[in-house]
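Chains, contacts and geometry: an overview
Residues per chain are reported as follows:
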There are 2 protein chains.
Amino acid sequence: MGNLYIGLLHYPMRNRRGDVVTTSMTSMDVHDIARTAKTFGAARYYVITPLKTQREIARRLRGYWTEQERTRENTNRGEALELVSVLDKLEEGILDISDREEKEPLLVGTSARHLDERRMEYEEATDQLREETKPMFLLFGTGWGMADELTSQLDYLLPPIEGIDEFNHLSVRAAVAVTLDRVRGSGRIN
Amino acid sequence: MGNLYIGLLHYPMRNRRGDVVTTSMTSMDVHDIARTAKTFGAARYYVITPLKTQREIARRLRGYWTEQERTRENTNRGEALELVSVLDKLEEGILDISDREEKEPLLVGTSARHLDERRMEYEEATDQLREETKPMFLLFGTGWGMADELTSQLDYLLPPIEGIDEFNHLSVRAAVAVTLDRVRGSGRIN
C-alpha cells in the first residue's frame, strides 16, 4: 500500500479579496490535524510556512505535547504530534518524502472550488493508495484557498466536500478529517 | 426528511482519570462545529454548558460573527453562527427541538469507546434521517468522553470512528465533521 503524507500550506494562498498572501498558522491546526493524520495512518504531517516565527511556534507546540504533556497523560494522544515536521516550502516536503520513499510523491490537492481539470474522485484516491506503490502527498490550503500558482503544480485535485446545503465553508480542520475518512477510513481500505 | 440537530456537551464528562467533570468550552468548538453543521444542513447547533461565564463567551462569539464580521466579509461564512443556541442543560435542547418539531427527538450519541448496547450503524442513521419524520439530536461529548449517567439516557450510540491505526483520539471538531459526512454527506442522502 502506498504511504500517505499530509501537508498544510500557508503560502501562496488567497485572502478574502483574492490577493495572494501568506496566512497565519493557528496552533489548533497543528494539533487537531496531527491527531486526524495519526488516526487515519498518515506517515507524516508537514506544517509548511515561510514565516520563521510561526515555524518556531509550531515546533514548541510539538515539543510540549511530545515531551511535557505526555508524562501527565495516561493516553497516547501526544504521539500524534510526533508525525509533525515543520518546513518552509512545499519543495522541502516533496524532497523529504522522496528521500524516505525513494520515489517522488503524487501531489494531490483539495479545494472548496470546482476545478474540472485533473480531477480525482475520492474512490480513485482510495484505489491509488491501495494499489499503487507511489506515495501520495495530500495538500490542504488555508485562508480562502490555494492560489493558482500552487494548484497548477499539482498532479490531481479532489472535488470540494459538499454537504446538503449551498454553504461550503468547512474549516481546514474539518476538511482534513472528512477527506482522510473518505480516502482512508475504516471499511474503505479493507 | 427528518431534521438533524447537533449538541456539544460539557457535562457530565469524564476527565483523564475517569472522574465526572464539567469540561471547558473552547471558542474553536463553537466556530468550527457551526460551520460543519451548516455545511451538512443541520437545523440547529446547541452548545451546552452549565457554566454561565462560558455561555456568555459563546454568545459573544456568535454575536461577533453574525453581526460585526459579516459586514467585513464578502462570503456567507458568518451565517453558520446563526445556527448556534447556547443552553445550560441537555433537557433544554430536547425541549427546544420538541417545541419546533412538535415531536421528541431521537437521542443519538457518539463515543470513542465501543459500546454494544443500543448500537446504531452510520447507514442506519442515514436511513433514519431519510425515511423517518422524527428529528434526530446527535450528541457529542468533550474531554475524555460522556459519563455513563449521560450515555444511559440515549436511544442509540454510533460506533467509534476508526481509521487504520489503533490510535483513536480525533478532536471533537474532527469527529463531528466525519460523523456528519458519514450520516449526511453528499452522495449519501440522494
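Residues numbered from 1 in each chain as written. Chains lettered and ligands numbered in written order. Predicted model: local features only at pLDDT ≥ 70, side-chain atom pairs only at ≥ 80, totals over all residues.

Brief notes about the overall build of chain A
- Of the regular secondary structure elements, chain A holds six helices and eight strands.
- Along the chain direction, N to C, the helices and strands of chain A fall in the order β-β-β-α-β-α-β-α-β-α-β-α-β-α.
- For chain A, the C-alpha radius of gyration of 16 Å lies close to 16 Å, the compact-globule estimate for 190 residues.
- If you line up chain A on its principal axes, its C-alpha atoms span 50 × 45 × 40 Å.
- With 190 residues in all, chain A has 47% of them scored as buried. (Helix = DSSP H or I, 4+ residues; strand = E, 2+ residues; numbered from the N terminus. Rg over C-alpha atoms; globule rule 2.2 N^0.38 Å. Buried ≥ 20, exposed ≤ 12 C-beta atoms within 10 Å, placed from the backbone.)

What to know about the environment of A:Lys52
- In this fold, A:Lys52 is placed in helix H2 (residues 52-72).
- For the pair A:Lys52 and A:Leu87, spaced 35 residues apart in sequence, the C-alpha to C-alpha distance is 9.4 Å.

What about the nonpolar core?
- A:Tyr45, A:Val47, A:Val108, B:Tyr45, B:Val47 and B:Val108 are the most contacted members of the largest nonpolar core, which totals 108 residues.
- Contact partners of B:Val108, with chain neighbours within four places excluded, come to B:Met120, B:Ala125, B:Met136, B:Phe137, B:Leu138, B:Leu139, B:Leu154, B:Asp155, B:Tyr156 and B:Leu158. (Core = buried A, V, L, I, M, F, W, Y, C linked by C-beta atoms within 7 Å. Contact = placed C-beta atoms within 7 Å.)

Observations concerning the pairing of strand S4 (residues 44-48) of chain B
All names here are of chain B.
- In terms of residue burial, S4 counts as a mostly covered element, since five of its five residues are buried.
- Bridge analysis of strand S1 (residues 4-9) against S4 gives five bridges, and the strand direction is parallel. Residue pairing in the sheet places Gly-7 in a bridge with Tyr-46 of S4.
- Bridging between S4 and strand S5 (residues 84-87) involves four bridges; their strand directions are parallel. (Pairing = 2+ DSSP bridges.)

Here's the deal with the sheet that holds strand S1 (residues 4-9) of chain A
Residue and element names in this part refer to chain A.
- Strands sit in the order S5-S4-S1-S7-S6-S8 across an open sheet of six strands; the sheet is parallel. Each having just a single partner strand, strand S5 (84-87) and strand S8 (156-158) make up the two edges of the open sheet. Recorded for the sheet is a direction-independent mean angle of 25° between the axes of neighbouring strands.
- Of the strand pairs in this sheet, S1 and strand S7 (residues 136-140) are connected by five bridges, and their pairing is parallel. Bridging from a neighbouring strand, Ile-6 pairs with Leu-138 of S7.
- Taken strand by strand, helix H3 (residues 90-101) contacts S1, strand S4 (44-48), S5 and S7, and its axis lies near 165° from that of S1. (Axes fitted to C-alpha atoms, helices over the stretch in contact; angles between N-to-C directions.)

Thoughts on the pairing of strand S7 (residues 136-140) of chain B
All names here are of chain B.
- For S7, a buried count of five out of five residues is recorded, marking the element as mostly surrounded by other parts of the structure.
- Burial along S7 is two-sided: Met-136, Leu-138 and Phe-140 facing one way and Phe-137 and Leu-139 facing the other are all buried.
- Relative to S7, strand S6 (residues 106-110) is paired through four bridges, and the arrangement is parallel. Residue pairing for S7: Val-108 is matched across the bridge by Leu-138.

Description of unusual backbone geometry
Residue and element names in this part refer to chain A.
- The omega torsion across Tyr-11 and Pro-12 is -10°, close enough to zero to call that bond cis.
- In this fold, Pro-12 is placed in the loop between S1 and strand S2 (13-14).
- Unlike most non-glycine residues, Glu-102 shows phi in positive territory, near 60°.
- With respect to the helices and strands, the residue Glu-102 is situated in the loop between H3 and strand S6 (106-110).

Quick notes on helix H1 (residues 27-39) of chain B
- End to end, H1(B) covers 19 Å across 13 residues, agreeing with the expected 18 Å (1.5 Å per residue, within 8%).
- After H1(B) finishes, the residue B:Gly41 shows a positive phi value of roughly 75°. (Expected span 1.5 Å × (residues − 1).)

Section: the environment of B:Gly93
All names here are of chain B.
- Within the fold, Gly-93 resides in helix H3 (residues 90-101).
- Separated by 60 residues in sequence, Gly-93 and Ile-33 place their C-alpha atoms 17 Å apart.
- Residues contacting Gly-93, with those up to four places away along its chain left out, are Gly-7, Tyr-46, Ile-48, Leu-87 and Phe-137.

Notes on the confidence of the model for chain A
- On average, residues of chain A score 88 in pLDDT, and 90% of them are at 70 or above.
- Complex prediction metrics read pTM 0.91 and ipTM 0.90. (pLDDT = per-residue confidence, 0-100.)

Regarding the sheet that holds S1(B)
Residues and elements named next belong to chain B.
- Strand order in the open sheet formed by six strands is S5-S4-S1-S7-S6-S8, with parallel pairing between adjacent strands. The sheet is open, and its two borders are formed by S5 and strand S8 (156-158), each paired with just one other strand. In this sheet, adjacent strand axes meet at a mean angle of 25° when their direction is disregarded.
- Contacts between H3 and the sheet are confined to S1, S4, S5 and S7, with S1 contributing the most and set at about 165° to the helix.

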